[in-house]
Amino acid sequence: MNMSTHVALYVSQVESEDPTVEYDPKGNLVTSVTVNITNLSAARAYRDYGQVAYNRKIMRTVTPLPIFDYCLIDGVKYLPLERQQVGLRNSIMLKEAGVQ
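The next subject is the nonpolar core. With 13 residues, the main nonpolar core has V7, L9, M59, F68, C71 and L94 as its most contacted residues. Where this core is concerned, the elements lending two or more residues are β1 (5-11), β2 (28-39), β4 (70-73) and β6 (89-96). In terms of residue count, β2 provides more of this core than any other element does, three residues in total. Among the nonpolar cores identified, the runner-up in size contains five residues, and L40, A45, A53 and I58 belong to it.

Quick look at the structure:
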């Protein structure tokens with residue numbers, strides 16, 4: 001597995017009524033990791049999930065990742081859709097934010 005893509009994982013931050021809490025609309029950075037990213041083809045999406053889906057990626061790691069709300073890959077925001085863990089290997093399907 002070629003681990004060559006740098007990904008920043010974020011947790012969304014909610015607005016607070018407390019004036020002492022500083023609000024950052026970008027959210028809080030959980031961690032930055034180097035992972036394997038591949039595109040999910042429309043043919044495979046149709047075969048495995050029954051629908052043609054574009055702008056989807058699969059993120060694979062050997063170690064477990066912390067829980068995150070979204071990630072940035074090359075400046076593009078992606079949301080996690082589905083997580084799988086088999087033994088030590090983890091895979092997360094990602095969907096580009098704002099795209100149906």
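And the narrative resumes.
The next point concerns the side chain of N90. One can find N90 in strand β6. Those residues in contact with N90, other than ones at most four positions away along the chain, are M59, R60, T61, V62, T63, P64, Q84 and Q85.

Quick look at the packing of aromatic side chains now. Per the stated rule, a full pass over the model turns up one aromatic pair. A centroid spacing of 5.2 Å and a plane angle of 5° characterise the contact between Y10 and Y70, whose relative ring orientation is stacked. Of this pair, Y10 sits in strand β1 while Y70 sits in strand β4, and the two are 60 residues apart along the sequence.

With that settled, the discussion passes to the side chain of T61. Mapped onto the elements, T61 comes out in strand β3 (residues 56-61). The buried category is assigned to T61, whose relative accessible area is 5%.

Turning next to the pairing of β2. Pairing of β1 with β2, which is carried by seven bridges, proceeds in the antiparallel orientation. Residue pairing across strands places L9 opposite T31, the latter belonging to β2. The sheet contact formed by β2 and β3 spans four bridges and is antiparallel. In the sheet register, N39 faces β3, and the bridge partner there is K57.

The predicted structure's coordinates, where accompanied by low pLDDT, should not be read in detail. Looking at the protein chain, the pLDDT average stands at 82 and 85% of residues meet or exceed 70. Mean pLDDT across the elements of the protein chain ranges from a minimum in helix α1 (residues 42-49), with 73, to a maximum in β4, with 92.

About the criteria used
Residues numbered from 1 in each chain as written. Predicted model: local features only at pLDDT ≥ 70, side-chain atom pairs only at ≥ 80, totals over all residues. Heavy atoms only, no water. Core = buried A, V, L, I, M, F, W, Y, C linked by side-chain atoms within 4.5 Å. Buried < 20%, exposed > 50% of the residue type's maximum accessible area, 1.4 Å probe, protein only. Helix = DSSP H or I, 4+ residues; strand = E, 2+ residues; numbered from the N terminus. Contact = heavy atoms within 4.5 Å. Phe/Tyr/Trp six-rings, centres within 6.5 Å; stacked < 30°, edge-to-face > 60°. Pairing = 2+ DSSP bridges. pLDDT = per-residue confidence, 0-100.

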